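Breakdown of the fold
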Amino acid sequence: MGFDEKDFLACCGSSKFAMEMASASPFVTLEDAITTARHIWFNKVDVHGWLEAFEAHPQIGKSPSPNHKSETSAQWSKGEQTTALATATGSSLLELSDWNAKYMQKFGFVFLICASGRSTSEILTELKKRYLNRPIVEFENAAQEQMKITELRLAKLFSTKAEAASTHDQQPMALKKKAEEDRVSIIGAHLTAPLQEPADKTSQISSRTRPPITTHVLDVSRGSPAVGMDVKLEMWMNNQSRPSFDTTDLGGWVMQGFSMTDIDGRSGQLMNIVNSVNPGIYRISFNTGKYCPGGFFPYVSLVFEIRETQKSEHFHVPLLFSPFSFTTYRGS
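Residues numbered from 1 in each chain as written. Predicted model: local features only at pLDDT ≥ 70, side-chain atom pairs only at ≥ 80, totals over all residues. Heavy atoms only, no water.

- Per an unreviewed UniProt entry, the chain goes by the name Transthyretin-like S-allantoin synthase protein and belongs to Pelargonium fulgidum.
- Note on the chain: under the UniProt heading Pathway (unreviewed entry), the record states "Purine metabolism; urate degradation; (S)-allantoin from urate: step 3/3." (UniProt positions renumbered as here; feature names shortened; annotations may be inferred.)

As structure tokens, then:
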């Protein structure tokens, strides 16, 4: 797909990055664009370009930066903070503002984190932990977070283009097939890019920055995130029995959390952030009937078991949904 420099500037506020990406365009798939973006960001953009990109971001909990490079970038920033703002209180916003100021004073640039699907408490925890880093270490952390944000925004860029292309009913069959292939690529990258974690996972066990169970929903019929879908998480609490296919299991499920998917298709916080999740059987349900009243499924529920040996792991349960089909798998 072909994009111009302005499109890439919305994904990353570095002028050098946008120019290099535009020169490398068009890209056949989103995966190709992300591979090129990583190479450009880490190998061609210098320190000044990194700082230029950082400066284009607003502080978490604040309005878009006056230095943002496009209205699209400003709108995306606002959408990426949806969960944080929805879970914020007056006191938590004040604390976040204070820590943002401390971080800026120590490092000289805004605290940068891929905020999609993260609550205010998660962001504060991560901010306080990263504040202890040496400047050289934190500069690299910020660059890694910028890349995560860029990948997420590239997925949005491709999604918008693919959706627009699919509305042209008169286009040749070959182009329609290409748009469908692009949607598949978008979904694959959207699922994998934001979920990257540091290689040293052992250091994450004692200091989670997100709940042990998370989810998000992608609308495969549109090739974009499913926005505004109700999601609830329950746990089986009847110690005398287990839910099974052959028995009625009413009365044993206890609500753990309820949320609605944001602009990125991610739910808010469905449970507390704890180092060790309670082993047991969980059920996550999606209100697909409300999201798509004319579809085949009134709702979709997924039941899974977390064992004693898995209580320190993270469980990401994404749903790939269309009005007449759905797919899921266990993410990391």
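Regarding the overall build of the chain
- The secondary structure content of the chain amounts to 12 helices and 10 strands.
- Expressed as a percentage of contacts within the chain between residues at least 6 apart in sequence, the contacts between residues at least 24 apart total 70%.
- For the chain, the accessible surface area stands at approximately 16,000 Å², while carbon and sulfur atoms represent 55% of it. (Helix = DSSP H or I, 4+ residues; strand = E, 2+ residues; numbered from the N terminus. Contact = heavy atoms within 4.5 Å. Areas by Shrake-Rupley, 256 points an atom, 1.4 Å probe, with all protein chains shown as cover.)

Concerning the UniProt feature "binding site: substrate" (unreviewed entry) in the chain
- As annotated in UniProt, the feature "binding site: substrate" (unreviewed entry) corresponds to H216, R266 and Y329 in the numbering used here.
- Turning to its location among the elements, R266 is positioned in the loop between strand 5 (253-260) and strand 6 (280-286).

Quick notes on the pattern of salt bridges
- Tallied over the full model, the rule gives 13 salt bridges.
- In this structure, K16 engages E20 in a salt bridge whose closest nitrogen and oxygen atoms are separated by 2.9 Å. A residue pair is termed a helical-turn pair when its members lie 3 or 4 positions apart in one helix, as K16 and E20 do in helix 2 (residues 15-24) at 4 residues.
- For K16, a relative accessible area of 32% gives the class partly exposed.
- Between E305 and R242 there is a salt bridge, with the nearest N and O atoms lying 3.1 Å from each other. Linking E305 in strand 7 (residues 300-306) with R242 in the loop between strand 4 (230-236) and strand 5, this pair joins segments that are 63 residues apart in sequence. (Salt bridge = Lys/Arg side-chain N within 4 Å of Asp/Glu carboxyl O. Buried < 20%, exposed > 50% of the residue type's maximum accessible area, 1.4 Å probe, protein only.)

Overview of helix 2
- Within helix 2, burial applies to F17, A18, E20 and M21. Down the axis of helix 2, the smallest arc covering the buried residues is 170°, so these residues share one side. (Arc of directions from axis to C-beta.)

Points about the side chain of D230
- For D230, the location among the structural elements is in strand 4.
- At a separation of 3.1 Å, a polar atom in the side chain of D230 contacts the side chain of K290.
- Beyond its immediate stretch of four places on either side in the chain, D230 contacts F258, S259, M260, S285, F286, N287 and K290. (Polar contact = N/O pair within 3.5 Å; in protein donor to acceptor, adjacent residues only side chain to side chain.)

Brief notes about the pairing of strand 6
- With respect to burial, strand 6 is a largely interior element, 7 of its 7 residues being buried.
- Pairing between strand 4 and strand 6: 5 bridges, direction antiparallel. The partner of E234 across the bridge, within strand 6, is R283.
- Two strands pair when backbone bridges link them, and strand 6 and strand 7 are joined in this way by 7 bridges, in the antiparallel orientation. Residue pairing for strand 7: S285 is matched across the bridge by S301. (Pairing = 2+ DSSP bridges.)

Here we look at the packing of aromatic side chains
- One pass over the full model with this rule turns up 20 aromatic pairs.
- The interplanar angle of 75° and the centroid separation of 5.9 Å between the aromatic rings of F3 and F8 together place this pair among those described as edge-to-face. Each member of the pair, F3 as well as F8, carries the same accessibility label: buried.
- On the basis of an interplanar angle of 80° and a centroid distance of 6.5 Å, the ring pair of F17 and W41 is categorised as edge-to-face. Pair noted here: F17 is in helix 2 and W41 is in helix 3 (residues 30-43), with a separation of 24 residues, a long-range link.
- Judged by relative accessible area, W41 falls into the buried class, the value being 1%.
- A network of ring pairs unites the aromatic residues F17, W41, F42, W50, F54, W99, Y103, F107, F109, F111, Y131 and F139 as a single cluster. (Phe/Tyr/Trp six-rings, centres within 6.5 Å; stacked < 30°, edge-to-face > 60°.)

Some points on the sheet that holds strand 6
- A sheet is described by the order of its strands in space; here 4 strands give the open sequence 5-4-6-7, paired in antiparallel fashion. Looking at strand neighbours, the two that pair on one side only are strand 5 and strand 7, the edges of this open sheet. If you compare each strand with its neighbour and ignore which way they point, the axes differ by 20° on average. (Axes fitted to C-alpha atoms, helices over the stretch in contact; angles between N-to-C directions.)

Section: the nonpolar core
- F8, F17, M21, W41, F54 and L154 are the most contacted members of the largest nonpolar core, which has 45 residues in total.
- Residue assignment for this core shows that the elements contributing at least two residues are helix 1 (5-11), helix 2, helix 3, helix 4 (47-55), helix 7 (90-107), helix 8 (120-131) and helix 9 (135-166).
- Residue contributions to this core peak at 10 residues, all from helix 9.
- Here F54 is in contact with W41, F109, V110, L112, F139, A142, A143 and Q146, once residues within four sequence places are set aside.
- I213, M229, F286 and V317 belong to the second-largest nonpolar core, a separate cluster that totals 24 residues. (Core = buried A, V, L, I, M, F, W, Y, C linked by side-chain atoms within 4.5 Å.)

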